[in-house]
Amino acid sequence: MRKPRVVILGAGYGGMMTTTRLQKTLGTNEVDITLVNKHDYHYQTTWLHENSAGTIHHDQTRIPIKDVVDFNKVNFVQDTVVSIDPDNKKVQLEDGELEYDYLVVGLGFETATFGIKGIEEHAFTIQNINSARLIRDHIEYNFARYNNEPEDRPELITIAVGGAGFTGIEFVGEMANRVPELCKEYDVDPDKVRIINVEAGPSALAGFDSELVDYAVKRLEAKGVEFMLSTMIKEVTPEGILVERDGEQELIKTNNFVWAAGVRGSTIVEKSGFEVNRGRVPVRPDLRAPNYDDVIIVGDCALIMNEETERPYPPTAQIAIQMSYVASDNIKALVRGSNELKHFKPEILGTVASIGEGDAIGVIFGKRKLFGWTASVMKKVIDNRYLLKLGGVGLLLKKGKFNIFK
Ligand code: FAD
């Protein structure tokens, strides 16, 4: 009898953890597992703001898939998913086609532009290793250019960031650390550099406790970050960003605009005919897609509602990892012919946002607030815990963050 074929799309948090758990719990005699990913490495998406600012090298963030996945048990295909045909149980890749009996979709997020003109053409986005490397090199190149221009061009050393949510704040925090290094390296007067954070809402870090938000904003302002709150970005142009506040429009000239204000699930899922809400699939309690009993969706492609707030849970690595536990258990049950599937219930252990090296804010265990160094250590503990879970002590020692005294 043919073994059931399990195909996992995307080696992000959700896909990688599902794969490593399945390789441990299912035997090669009972299942054929295939993992498909664009690159031959997995990366820690939650560290990309550091790679983009240049405060850590991307080699610390990426992990070769072969170091974690056992290729004797899992067939790894390095390719790009083009579409899914859930009615015929097929996946179209750039260089081929795969058939499956059970599918796990973990293709992650894409940038949401909210229809703002010029974002696609002129903004940088923090999405993956390639886009992070580009931001780092572009900003550094502009610092190098600054003293070589015949006229003063402040836009070269003006860094503007759209969005004061988690990603935007974490990125400006890293930039505030990186700018003094760049100034020293390229003989640029630090007083001339601007880091501007533009946010449409009235506050940074919407949804966070106000005491923590005040702390973060004050710390970042002290490091030179300028906040423009209640300010809409109307258009992004090659010259800069056109913003509007209190009915007044202003063009902020910048050659370094990073859009960090919105994500949605991979558009492949929507284009493949799955039902979506805000770009994400409203999965059933067992994480299966509506109408498809053989497709499980994990991570940022899945939408789950918080019944207390009646709003969707924000997409996070924490939830993607927790989903992988249920996804792998449910795949195991399906492969073994059982229909007793587990239900997913997120357990939010805490949320910690870094605001530069050695500084952070966060809430753990529901209500305990953390500030500064303690929060920063907690953030590193969270990061290191993931590495331990994914690849054991060896991976932790290779890629972990141990600089807790900085
Ligand atoms: P991802 O981790 O995004 O992985 C998707 C994978 O699919 C990637 O390997 C990608 O290469 C692959 N892929 C995509 N498209 C294709 C294709 N067509 N073909 C083949 N492969 C493909 N969350 C937290 O919980 N805590 C944090 O502190 C935090 N900080 C963040 C900081 C930043 C800068 C960002 C950007 C996000 C942060 N998040 C954080 C959110 C978190 O990173 C995401 O929720 C999480 O990465 C989602 O995991 P995932 O498995 O769905 O997808």
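Residues numbered from 1 in each chain as written. Predicted model: local features only at pLDDT ≥ 70, side-chain atom pairs only at ≥ 80, totals over all residues. Heavy atoms only, no water.

### Re the overall build of the protein chain
What the protein chain contains, in helices and strands, is 10 helices and 27 strands. Here the C-alpha coordinates of the protein chain stretch approximately 75 × 45 × 45 Å along the principal axes. By residue count, 53% of the 406 residues in the protein chain fall in the buried class. Considering only contacts within the protein chain whose residues lie at least 6 apart along the sequence, 66% involve residues at least 24 apart. Accessible area for the protein chain stands at about 19000 Å²; split by element, carbon and sulfur atoms hold 48% of it. Considering the protein chain, the positive charge centre built from 48 side chains and the negative charge centre built from 58 side chains are found 6 Å apart. (Helix = DSSP H or I, 4+ residues; strand = E, 2+ residues; numbered from the N terminus. Buried < 20%, exposed > 50% of the residue type's maximum accessible area, 1.4 Å probe, protein only. Contact = heavy atoms within 4.5 Å. Areas by Shrake-Rupley, 256 points an atom, 1.4 Å probe, with all protein chains shown as cover. Lys, Arg positive; Asp, Glu negative; His and termini not counted. Charge placed at Lys NZ, Arg CZ, Asp CG, Glu CD.)

### Focus: the site of the ligand
In the neighbourhood of the ligand, 32 residues make up the surrounding shell, with Gly14, Val81, Asp300, Ala317 and Lys379 lying closest. Between the ligand and tyrosine 13, the relevant distance is 3.1 Å, taken from an oxygen atom to a main-chain nitrogen or oxygen of the residue. Relative to its free-state accessible area of 1000 Å², the ligand is covered by the protein chains to the extent of 91%. Mapped by element, the contributors of at least two residues to the shell around the ligand are α1 (13–25), α6 (166–186) and α9 (317–335). When grouped by side-chain class, the residues that make up the shell around the ligand number 12 nonpolar, 15 polar and five charged. Among the domains, domain 1 (5–111 + 263–347) and domain 2 (119–259) are the pair contributing at least three residues each to the shell around the ligand. (Near = heavy atom within 4 Å. Polar contact = N/O pair within 3.5 Å; in protein donor to acceptor, adjacent residues only side chain to side chain. Nonpolar A, V, L, I, M, F, W, Y, C, P; charged D, E, K, R; others polar. Domains from an automatic or database assignment.)

### A look at the pattern of salt bridges
Enumeration according to the criterion identifies 30 salt bridges in this entry. As a salt-bridge pair, glutamate 99 and arginine 5 come within 3.4 Å of each other at their nearest N and O atoms. Remark: arginine 5 occurs in strand β1 (residues 5–9) and glutamate 99 occurs in strand β8 (residues 96–99); sequence separation between them is 94 residues. For glutamate 99, a relative accessible area of 41% gives the class partly exposed. The class of arginine 5 is partly exposed, set by a relative accessible area of 22%. (Salt bridge = Lys/Arg side-chain N within 4 Å of Asp/Glu carboxyl O.)

### Here we look at the domain arrangement of the protein chain
If you check the domain split of the protein chain, you get domain 1 (5–111 + 263–347), domain 2 (119–259) and domain 3 (349–406). Taking the mean C-alpha position of each, domain 1 and domain 2 sit 32 Å from one another. At the junction of the two partners, domain 1 supplies 19 residues and domain 2 supplies 17 residues. Buried surface at the junction of domain 1 and domain 2, both sides included, amounts to about 1600 Å², of which 61% is carbon and sulfur. Contact with domain 2 buries surface across domain 1, with His49, Ser52 and Thr111 losing the most and accounting together for 35% of the total. Between the two partners, domain 1 and domain 2, sit zero salt bridges. The tally of links from domain 1 across to domain 2 stands at five residue pairs in polar contact (both at pLDDT 80 or more). Those elements that place two or more of their residues in the side of domain 1 that touches domain 2 are β3 (41–43), α2 (48–53), α3 (58–61) and β10 (109–111). For the side of domain 1 that touches domain 2, the element with the most residues is α2, which contributes six residues. (Buried area = accessible area lost by both parts, 1.4 Å probe.)

### Regarding helix α5 (residues 129–146)
In a regular helix each residue adds 1.5 Å, so 18 residues correspond to 26 Å; α5 covers 26 Å between its end C-alpha atoms and thus fits that length. All of the buried residues in α5 are Ile129, Ser131, Ala132, Ile135, Arg136, Ile139, Asn142, Phe143 and Tyr146. In this structure asparagine 128 caps α5, since a side-chain oxygen of it lies 3.2 Å from the backbone nitrogen of asparagine 130. (Expected span 1.5 Å × (residues − 1).)

### Points about the packing of aromatic side chains
Counted under the stated rule, the structure contains seven aromatic pairs. Here the aromatic rings of phenylalanine 166 and phenylalanine 208 are separated by 6.3 Å at their centres, their planes lie at 40°, and the arrangement is tilted. Separated by 42 residues along the polypeptide, phenylalanine 166 in helix α6 and phenylalanine 208 in the loop between β13 (194–198) and α7 (210–222) bring together distant segments of the chain. The exposure class of phenylalanine 166 is partly exposed, given its relative accessible area of 32%. The ring of tyrosine 41 carries the charged tip of arginine 62 above its face, separated from the ring centre by 5.0 Å. Taking the ring centre of tryptophan 47 as reference, the NZ or CZ of lysine 401 above it sits at 4.1 Å. (Phe/Tyr/Trp six-rings, centres within 6.5 Å; stacked < 30°, edge-to-face > 60°. Lys NZ or Arg CZ within 6 Å of the ring centre and 35° of its normal.)

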